[in-house]
Every structure is written in structure tokens, then in C-alpha cells.
Amino acid sequence: MKLSYDLHLHSCLSPCGDDDMLPSNIVGMAALKGLDVIALTDHNTCRNCAALMQLAEAYGVLAIPGMELCTEEEVHVVCLFPSLEAAEEFESYVEKALPPIPNRADIFGKQQIVDCDDTVVGEAPYLLVNAAAIRFDDVHDLVAPLGGIMIPAHIDKASNSLLSNLGIIPQDSRFVCYELAHPEKREELEEAHPFLLSCNMITDSDAHYLQHIHEPEHFLEAEEKSVDAVLRALRRRSD
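Residues numbered from 1 in each chain as written. Predicted model: local features only at pLDDT ≥ 70, side-chain atom pairs only at ≥ 80, totals over all residues. Heavy atoms only, no water.

> How do you make sense of the sheet that holds strand E2 (residues 37-40) when you look at a structure like this?
Within a sheet, adjacent strands bond to each other through the backbone by hydrogen bonds, running parallel or antiparallel. Spatial strand order, E7-E4-E3-E2-E1-E10: six strands in an open sheet with mixed pairing. Each edge of the open sheet is held by one strand with a lone partner, namely strand E7 (149-152) and strand E10 (219-221). Ignoring which end each strand starts from, the neighbouring axes of this sheet average 35° apart. Two strands pair when backbone bridges link them, and strand E1 (residues 2-9) and E10 are joined in this way by three bridges, in the antiparallel orientation. In the strand pairing of E10, Leu3 is matched with Leu220. Docked against the sheet, helix H3 (residues 84-97) engages strand E3 (62-70) and strand E4 (76-80), running at close to 10° with respect to E3. Strands in contact with helix H8 (residues 227-234) are E1, E2, E3, E4, E7 and E10; relative to E3, the strand with the most contacts, it is inclined by about 50°. (Pairing = 2+ DSSP bridges. Helix = DSSP H or I, 4+ residues; strand = E, 2+ residues; numbered from the N terminus. Axes fitted to C-alpha atoms, helices over the stretch in contact; angles between N-to-C directions. Contact = heavy atoms within 4.5 Å.)

In C-alpha cells form, the structure reads like this:
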């Protein structure tokens, strides 16, 4: 079946995310726009995924738990998981790998943890946009045992991307899906980097504001509307 998606969204827990990016608002906007599948991918954390997943179920929107990992090379990688428990297990590892630098909300923005009633139940104390002590080459082996998938984020961007920060795709890379901010660049990038020919490609909004969440214009072919089916689809090459 054909599923519209936006698999790279930030909530008010990301310091660069707008305060209006509450799980309830994200799910409401996704439902209003007619999206089938969304994923919450805050920087280096998944602590607002529980609220978003609970709300999404009520709205009939499929929600995938995840995070946008920042590796030690400052490469952003979208990591998606089959369950909240798997995402939280990965988060516990990432949390230990983050430098304990206190967040300055007046400079970087708030890092608000909220429940499904939009009540602020806490704030992440350490700045979440820092690089974790996790190498890009090690991400696959950390995510895969949890049933997750790593997706190098917006590789066509000039900062915090695989190509901008490393300049190459490492020969021993094992990712099977990558993200483009501008899908029209796919052919050009595949010609320059033949490794990408064997990968699936997705394009997401990387929304930090409600109005930037995608319209239902990008689609995945999945066997059914379930998290496992979507993850399987992401692992398959689609033309």
C-alpha cells in the first residue's frame, strides 16, 4: 500500500524546535494534512516519543520512534526503531556519549519534555545538539541489533551531513537508506557516489516549525500500515 510520510520531525525538546512543536500539535498537523506515517527525531533524544505515539494512535496516524543522532564527526543520522523500548535503549547509550554541557535556554532554546496533555514534565539538562562520542562507522552496529535503521540525514546539505563533513561515503558503510533535502539531486549524487545506487532514498521536512511539516507528497510502498512494514520498506530500494 502507498503511504505518505514525513520521517524527520523535531519537537519542543530539540532546542532549535519551536515551542509550538508539541506532540499534540505535530500529530494534529500531520492528521490535518493527511499524512499516514510520521517519525519524531529530536536531537540525540527520544523523550517526547511516548506522548507523540499515544496521540498519533488516537488520530489514526502511524508514529515511529526515533532520534536524529549527531555523531562525533557532527554528521546527522536519523535513527528509527520498531518500538519505543528499542528507541529508549539506544537513547540510554547516546546519553552516556553526550558531553555534560548544561543547556543555556536563553541562548540555544528550551529543551522541554511534555506529556500527551501538553504539560511540561521536565527539561533535558544538557545541550542536546552537541556531538555524541559515537563514530559514524559505529552507528549501524548500535542500531541494527535493536531492529532499527540508520539513515544519513540530508546528505545534500552543506553542513552536518555525511558528504559535507566527511567528504566521502566510507567504503565499509552499511546503511541502506539515505535522506535528501532536495530529491531532484538524487541522480547527480548517485553518479558521483555509486554506493547510493544500492540504497533507498527518502526526503523529509526536518521540520522545526509546524508549517514546515510536509504535505502528503512523498510516498513509500509498504505491505501494510505498521511500523515494521515501514522499516522493511525503507530497507528496500525504490525507484
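Once the structure has been displayed, the description carries forward.
> Hey, could you run me through the state of the cysteines in this one?
Two cysteines form a disulfide when their sulfur atoms are joined by a covalent bond. With the rule as written, the count across this model stands at zero disulfides. Note on Cys16: no disulfide assigned, nearest cysteine sulfur contributed by Cys70 at a separation of 11 Å. With relative accessibility at 35%, the residue Cys16 sits in the partly exposed group. Residue class for Cys70 comes out buried when judged on its relative accessible area of 3%. (Disulfide = S-S within 2.5 Å. Buried < 20%, exposed > 50% of the residue type's maximum accessible area, 1.4 Å probe, protein only.)

> When you look at the environment of Gly167 in this model, what are you seeing that I'm missing?
Within the secondary structure, Gly167 is located in the loop between helix H6 (162-166) and strand E8 (177-179). Assessed through its relative accessible area of 44%, Gly167 is described here as partly exposed. Spatially, the C-alpha atom of Gly167 lies 24 Å from that of Ala97, the residues being 70 residues apart in sequence.

> Would you mind going over the nonpolar core with me for this structure?
The nonpolar side chains of soluble globular proteins are, as a tendency, buried together. Of all hydrophobic cores here, the largest spans 53 residues; its most connected members are Ile26, Ile38, Cys79, Phe90 and Phe175. Of all elements in the fold, only helix H1 (23-33), E2, helix H2 (49-59), E3, E4, H3, helix H5 (139-143) and H6 reach the threshold of two or more residues within this core. Counting residues per element, this core draws most heavily on H3, at six residues. When near neighbours in sequence (up to four residues on either side) are disregarded, Ile26 contacts Leu9, His10, Ser11, Met21, Ile38, Leu40, Leu52, Leu210 and Ile213. (Core = buried A, V, L, I, M, F, W, Y, C linked by side-chain atoms within 4.5 Å.)

> I keep staring at the packing of H1 against H2 and nothing clicks. Help me out?
Two measures define how a pair of helices packs: the angle their axes make with one another and the distance between the axes. One way to put it is that H1 packs onto H2 with a least axis distance of 9 Å and a crossing angle of 35°. In this structure, the crossing between H1 and H2 has a hand that is right-handed. The segment H1 lies against H2, with Pro23, Ser24, Ile26, Val27, Gly28 and Ala31 engaging Ala51, Leu52, Leu55, Ala56 and Tyr59. In the contact of H1 with H2, the residues fall into nine nonpolar, two polar and no charged. (Left-handed = near helix turned anticlockwise from the far one by under 90°. Nonpolar A, V, L, I, M, F, W, Y, C, P; charged D, E, K, R; others polar.)

> Please explain the packing of aromatic side chains as it appears in this structure.
How two aromatic rings sit relative to each other is set out by the distance from centre to centre and by the angle between their planes. Here the structure, examined in full by the defined rule, presents three aromatic pairs. Between the aromatic rings of Phe175 and Phe195, the centroid separation amounts to 5.0 Å while the plane-to-plane angle is 65°, which identifies the pairing as edge-to-face. Residue Phe175 is found in the loop between H6 and E8, and its partner Phe195 is found in the loop between helix H7 (186-192) and strand E9 (200-202); the two are separated by 20 residues along the sequence. Using a relative accessible area of 26% as the deciding quantity, one classes Phe195 as partly exposed. Grouping aromatic residues by their ring pairs yields a cluster made of Phe136, Phe175 and Phe195. (Phe/Tyr/Trp six-rings, centres within 6.5 Å; stacked < 30°, edge-to-face > 60°.)

> I tried to follow the side chain of His43 on my own but got confused; where do I start?
Among the secondary structure elements, His43 is positioned in the loop between E2 and H2. If we skip the residues at most four places from it in the chain, His43 touches His10, Ser14, Cys16, Glu68, His76, Leu128, Val129 and His208.

> What is the right way to read the pairing of E2 from this model?
Walk down a regular strand and you will see the side chains alternate between the two sheet faces. Side chains Val37 and Ala39 of E2 all project onto a buried face; the interleaved residues Ile38 and Leu40 project onto the opposite face, where all are buried too. Two strands pair when backbone bridges link them, and E1 and E2 are joined in this way by three bridges, in the parallel orientation. The residue of E2 that forms the bridge with Tyr5 is Val37. In this fold, the crossover linking E1 to E2 by way of H1 has right-handed handedness. The sheet contact formed by E2 and E3 spans four bridges and is parallel. Within E3, the position partnered with Leu40 by the bridge is Pro65. (Right-handed = clockwise from strand over helix to strand, strands pointing away.)

> Sorry, what's going on with H1 here?
Helical geometry note: an α-helix holds 3.6 residues per turn, so side chains three or four residues apart project in the same direction. Those residues of H1 that sit buried are Pro23, Ser24, Ile26, Val27, Ala30 and Lys33. Buried residues in H1 make contact with E1, E2, H2 and strand E5 (112-114). Phi turns positive one or two residues past the end of H1, at Gly34, with a value near 90°.

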